[in-house]
Amino acid sequence: MAKLGKRTRALREAFVGKENVTVEEAVTLIKDNASAKFDETVEIAMNLGVDPRHADQMVRGVVGLPNGTGKTVRVAVFARGPKAEEAQAAGADIVGAEDLMEIVQGGKIEFDRCIATPDMMPVVGRLGKVLGPRNLMPNPKVGTVTMDVAQAVKDAKGGQVQFKAEKAGVIHAGIGKASFDADKLAENVRAFVSAVQKAKPAGAKGTYVKKISLSSTMGAGVSVDINSAVTE
């Protein structure tokens, strides 16, 4: 068995016996133990009682975190003419049409969010195999296929987070940085949980939210009392 480093041992010890704590306790524990040399991301994982392989149990959506994510989001926009100019003026990092499609097809993906005007979808559609697995495919349900590209770019840059259930019914997302104030992280957690609750699909049966955990990039995870995270 590999010998645990001092830092890993200390982390594990700090989290012993800490289960189903309040959002505030979880956030404080994570902040106190985020000892990496960079500003760690605070991540949420939600285990849902859904099977996303069934269309009526798919959970996806978008949420604007009240205190942002602390992350610099690089945005690509597929648009032409005035809409391309609008996107650039709004702060998009990469704007293009067929030229951008060729760059992406070549494997160069230097963006975290992809937005497209509806008329560009036949072009973007050819990139499904590249963008789909990375959860970057523009989708009208989360506001990334739109004529209002300027607003979509501002939302993406301003702390908007997309979420989508993976095959085991788990949703992962970054909801801030360890350097954030504890109350701001707690507010972001509750905003995210609320958005996932509102996205409950028609086909979900039984317990919808089964477990909520918080962790930092290099830290251990801690389970959160679901009632503490629910705002309604």
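Up top is the structure.
Residues numbered from 1 in each chain as written. Predicted model: local features only at pLDDT ≥ 70, side-chain atom pairs only at ≥ 80, totals over all residues. Heavy atoms only, no water.

Chemist: It is not clear to me how the sheet that holds strand 4 (residues 94–96) should be interpreted in this structure. Could you clarify?
Modeler: Adjacent strands of a sheet form backbone hydrogen bonds with each other and so pair up, either parallel or antiparallel. Strand order in the open sheet formed by three strands is 4-3-5, with parallel pairing between adjacent strands. Lying at the two open borders of the sheet, with one neighbouring strand each, are strand 4 and strand 5 (113–116). Averaged over all adjacent pairs, the angle separating strand axes in this sheet is 15°, with direction ignored. Across three bridges, the pairing between strand 3 (residues 75–78) and strand 4 is parallel. Across the sheet, residue Ala76 finds its bridge partner in strand 4, namely Ile94. (Pairing = 2+ DSSP bridges. Helix = DSSP H or I, 4+ residues; strand = E, 2+ residues; numbered from the N terminus. Axes fitted to C-alpha atoms, helices over the stretch in contact; angles between N-to-C directions.)

Chemist: For this particular structure, what's the right way to read the sheet that holds strand 8 (residues 209–216)?
Modeler: Taken together, four strands build an open sheet; the order of strands is 7-1-8-9 and the sheet is antiparallel. Of all the strands in the sheet, just strand 7 (170–177) and strand 9 (222–224) have a single pairing partner and so form its edges. Direction aside, neighbouring strands of the sheet carry axes that sit 25° apart on average. Of the strand pairs in this sheet, strand 1 (residues 41–48) and strand 8 are connected by seven bridges, and their pairing is antiparallel. Residue pairing across strands places Ala45 opposite Ser213, the latter belonging to strand 8.

Chemist: Would you take a moment to explain the environment of Ser216 for this structure?
Modeler: On the secondary structure map, Ser216 appears in strand 8. When its relative accessible area of 4% is taken as the criterion, Ser216 is described as buried. In this structure, the C-alpha to C-alpha distance between Ser216 and Thr146, residues 70 residues apart in sequence, is 33 Å. When residues no more than four places from it in sequence are discounted, the contact partners of Ser216 are Ile30, Ala34, Glu40, Thr41 and Val42. For Ser216, the side chain forms a polar contact with the side chain of Glu40, separated by 2.8 Å. (Buried < 20%, exposed > 50% of the residue type's maximum accessible area, 1.4 Å probe, protein only. Contact = heavy atoms within 4.5 Å. Polar contact = N/O pair within 3.5 Å; in protein donor to acceptor, adjacent residues only side chain to side chain.)

Chemist: What's the story with the layout of surface pockets in this structure? I'm lost.
Modeler: Over the atoms a probe the size of a water molecule is rolled, and this reveals where empty space is left. Roughly 720 Å³ of volume is contained in the largest pocket. Counting only elements with at least two residues in the lining of the largest pocket, the list comes to strand 1, strand 6 (160–164) and strand 7. By residue class, the composition of the lining of the largest pocket is 10 nonpolar, nine polar and eight charged. (1 Å grid on protein atoms, 1.4 Å probe; cavity = no way out; pocket = protein on both sides within 12 Å on 5 of 7 lines; lining within 4 Å. Points joined across faces, edges and corners; volume = space filled by probe spheres on them. Nonpolar A, V, L, I, M, F, W, Y, C, P; charged D, E, K, R; others polar.)

Chemist: Sorry, what's going on with the side chain of Arg113 here?
Modeler: When you line up the elements, Arg113 lands in strand 5. Residue contacts for Arg113: discarding those within four places in its chain leaves Val73, Arg74, Val75, Ala76, Leu136, Thr144, Ala156, Gln160, Val161 and Gln162.

Chemist: Whenever I open this one, the packing of aromatic side chains confuses me. Can you help?
Modeler: With the rule as written, the count across this model stands at one aromatic pair. Arranged with centres 5.5 Å apart and planes meeting at 70°, the rings of Phe163 and Phe192 form a pair that is edge-to-face. Of the two residues, Phe163 is situated in strand 6 and Phe192 in helix 8 (residues 182–198); the sequence distance between them amounts to 29 residues. For the pair Phe163 and Phe192, a shared accessibility class is recorded, and that class is buried. (Phe/Tyr/Trp six-rings, centres within 6.5 Å; stacked < 30°, edge-to-face > 60°.)

Chemist: Help me understand helix 2 (residues 23–32) in this model?
Modeler: Each turn of an α-helix holds 3.6 residues, which means side chains three or four residues apart point in the same direction. Within helix 2 the residues assigned to the buried category are Val23, Ala26, Val27, Leu29 and Ile30. Buried positions in helix 2, seen along its axis, are confined to an arc of 160° and lie on one side of it. (Arc of directions from axis to C-beta.)

Chemist: Sorry, what's going on with the packing of helix 2 against helix 8 here?
Modeler: Two quantities define a packed helix pair, namely the angle between the axes and the distance from one axis to the other. Running from N to C, helix 2 and helix 8 point in directions that differ by 125°, and their axes come no closer than 9 Å. When the interaxial angle is binned, helix 2 and helix 8 end up oblique. Where helix 2 crosses over helix 8, the handedness of that crossing is right-handed. Two secondary-structure elements touch here, helix 2 through Val23, Glu24, Val27, Thr28 and Lys31 and helix 8 through Ala182, Leu185, Ala186, Val189 and Arg190. Classifying every residue of the contact of helix 2 with helix 8 by side-chain character gives six nonpolar, one polar and three charged. (Parallel < 35°, antiparallel > 145°, perpendicular 65-115°, else oblique. Left-handed = near helix turned anticlockwise from the far one by under 90°.)

Nothing here speaks to function; it is geometry throughout.
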